[in-house]
Amino acid sequence: MIDSSAGSRPTGTVRALLSALVRPSADHTPLLAQASRPWARHLPYVLAVAAIASLLPSGINVLANDYGINGGLAGALAVAQTAPLLLAVSRPLAAWWMIGGTDLLAAVLVLTTGSGTADLWPWIPTSLVGYLFLMLPLSLREPRRTLVAVWLVTAAAGAALALAGTGSRFTGDNTLLSIALTGAVLLLGGALRERAEARRLLTEQEHISEAERERRTLLEERARIARELHDVVAHHMSVIAVQAASAPYRISDLPAEAAEEFGALAGTARESLAEMRRLLGVLRSEDSGGEKAPQPGVGQLAQLVETVGRAGVPAELTVDAGLVETVPQAVGLSAYRIVQESLANVVRHAPGARTWVSLSSDGPELLVTVVNAPPPERTESLEASVEGTGQGLVGMRERVRLVDGRLDTGPLPEGGFKVAAVLPLDTPDTPRETSA
């Protein structure tokens, strides 16, 4: 049985290369059009005009005087060989068809009608220089298959013209030179284009990775908030269940209907607690164990500040009198996490800087402020060596959104950093569900 695929592969390759010559790149924006500086955007056109200005008169002179072409025809050929260089800035493959076709026509006319004294063949020197100028924008825009096809056509055309000129008056053969120089320019330009494309894709991937990291951080922080709110809400639901279940024993002469109602209320509270525990099992990561300790609040800030002080950050805490008892549990938890993350940032980014933490009430709002001075001496940030929580300002913003508060962060004019949060104190004890 004859394998027909062996014979079809070369045919398919030739067909693909020919197809690449008639299918230019879909991107027709001028070269360097995305450059930030205006002079860089105009640079390709300036170089094209400079090449035309130098090659046009010299091309006419070489064709007319050295190769014996009629003056008017020499001028037309020189224009057709150089003017498309302007088009090559945005459509290099179309310019290649124009310039390459004109170069072939000029070579045929020189061979058949020329009578000059030049002996270089088959490529006219000025035509070869212009052709090499064209190869650079072509290699920077077109794919690798098109560049291979252009190089093969150039080599085949040069070899055919050299063979046709055998025995003529031309003694200098620049076929191999044209093939080598054309291949070198195409290889260099193609390598630069692929390198730029690889850098662009790498930059896009870095942006995507950064966006995914921020999204993952946000989801992790929201899951953490949901786990903590479970404990806050579970406390109140447990109180409701206990009070409802014990009501018939605590209240004398309770009607049977009321006792039945209290029993149903206690059962509903227990069912709600069970559902919350199931939800918590979904939100809890595999490596996080059961968190049995109660969630911290404003009352635990003194211990937190003391811990940070032992880490080398002199911190002072100021809390208005009576504020610990009046702050709702959900608001106190948010305030504690905001202060915790702020102090962690001071340890990582400004080790040794004096820090002030203050909590005060302004009517129905709790004001949480963390301000740190510049570090006492120029020290390297510990961010690279200390693994942080990964939450940072993302977590603070989520905490503030949880209770419909406001957050203001930023560097201070004299150095240092400030974090200021405003948390409403009249937020219901049963926290609302945050929007995704």
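Residues numbered from 1 in each chain as written. Predicted model: local features only at pLDDT ≥ 70, side-chain atom pairs only at ≥ 80, totals over all residues. Heavy atoms only, no water.

A. Spatial organisation of the overall build of the protein. Secondary structure summary: the protein contains 13 helices and 7 strands in total. Burial status across the protein gives 38% buried among its 436 residues. Considering only contacts within the protein whose residues lie at least 6 apart along the sequence, 75% involve residues at least 24 apart. Within the structure as shown, the protein displays about 24600 Å² of accessible surface, and the carbon and sulfur contribution to it stands at 61%. (Helix = DSSP H or I, 4+ residues; strand = E, 2+ residues; numbered from the N terminus. Buried < 20%, exposed > 50% of the residue type's maximum accessible area, 1.4 Å probe, protein only. Contact = heavy atoms within 4.5 Å. Areas by Shrake-Rupley, 256 points an atom, 1.4 Å probe, with all protein chains shown as cover.)

B. Focus on the pairing of strand β5 (residues 365–372). For strand β4 (residues 355–362) and β5, the ladder comprises 8 bridges, and the chain directions are antiparallel. Note on β5: the bridge partner recorded for D362 is E365. Remark: 2 residues form the turn of the hairpin made by β4 and β5, two consecutive strands paired antiparallel; G363 in that turn has positive phi of roughly 65°. Pairing geometry for β5 and strand β7 (residues 417–424), over 8 bridges, is antiparallel. Note on β7: the bridge partner recorded for T369 is A420. (Pairing = 2+ DSSP bridges.)

C. Structural context of the layout of surface pockets. Considering only enclosed or pocket space, the largest pocket measures out at about 1100 Å³ in volume. Around the largest pocket sit 32 residues that line it, and L31, L32, P44, L140 and R141 are the ones nearest its centre. It is helix α8 (residues 175–250) that contributes the most residues to the lining of the largest pocket, 8 residues altogether. (1 Å grid on protein atoms, 1.4 Å probe; cavity = no way out; pocket = protein on both sides within 12 Å on 5 of 7 lines; lining within 4 Å. Points joined across faces, edges and corners; volume = space filled by probe spheres on them.)

D. Molecular detail of the pairing of strand β6 (residues 406–411). With 6 bridges connecting them, β6 and β7 associate as antiparallel partners. If you follow R406 over to β7, its bridge partner there is V422. Between the antiparallel neighbours β6 and β7 lie 5 residues, among them G415 with a positive phi of about 105°.

E. Structural view of the packing of helix α3 (residues 71–82) against helix α5 (residues 92–113). The contact between α3 and α5 brings their axes to 8 Å, and the two run at 150°. Our classification of the angle between α3 and α5 gives roughly antiparallel. Read as a crossing pair, α3 and α5 show a hand that is left-handed. Residues L73, L77, A80 and Q81 of α3 pack against M98, I99, T102, D103, L105, A106 and L109 of α5. Its residues assigned to classes, the contact of α3 with α5 comprises 8 nonpolar, 2 polar and 1 charged. (Axes fitted to C-alpha atoms, helices over the stretch in contact; angles between N-to-C directions. Parallel < 35°, antiparallel > 145°, perpendicular 65-115°, else oblique. Left-handed = near helix turned anticlockwise from the far one by under 90°. Nonpolar A, V, L, I, M, F, W, Y, C, P; charged D, E, K, R; others polar.)

F. Structural context of the sheet that holds β5. Spatially, 5 strands are ordered β3-β4-β5-β7-β6 in an open sheet, and the strand pairing comes out mixed. Single-partner strands in this sheet number two, and they are β3 (315–319) and β6. Each neighbouring strand pair of the sheet contributes to a mean axis angle of 10°, computed without reference to strand direction. Where helix α13 (residues 392–402) meets the sheet, it contacts β6 and β7, and its direction lies at approximately 155° from that of β6.

G. Representation of the packing of aromatic side chains. Tallied over the full model, the rule gives 4 aromatic pairs. Between Y67 and F170, the aromatic rings sit 6.3 Å apart at their centres with planes inclined by 35°, giving tilted as the arrangement. Taken together, the residues Y67 in the loop between α2 (38–66) and α3 and F170 in the loop between α7 (144–164) and β2 (172–173) connect sequence positions 103 residues apart. Like Y67, the residue F170 is buried in the burial classification. Ring geometry for W123 against Y131: centres 6.3 Å apart, planes inclined by 15°, an arrangement best described as stacked. (Phe/Tyr/Trp six-rings, centres within 6.5 Å; stacked < 30°, edge-to-face > 60°.)

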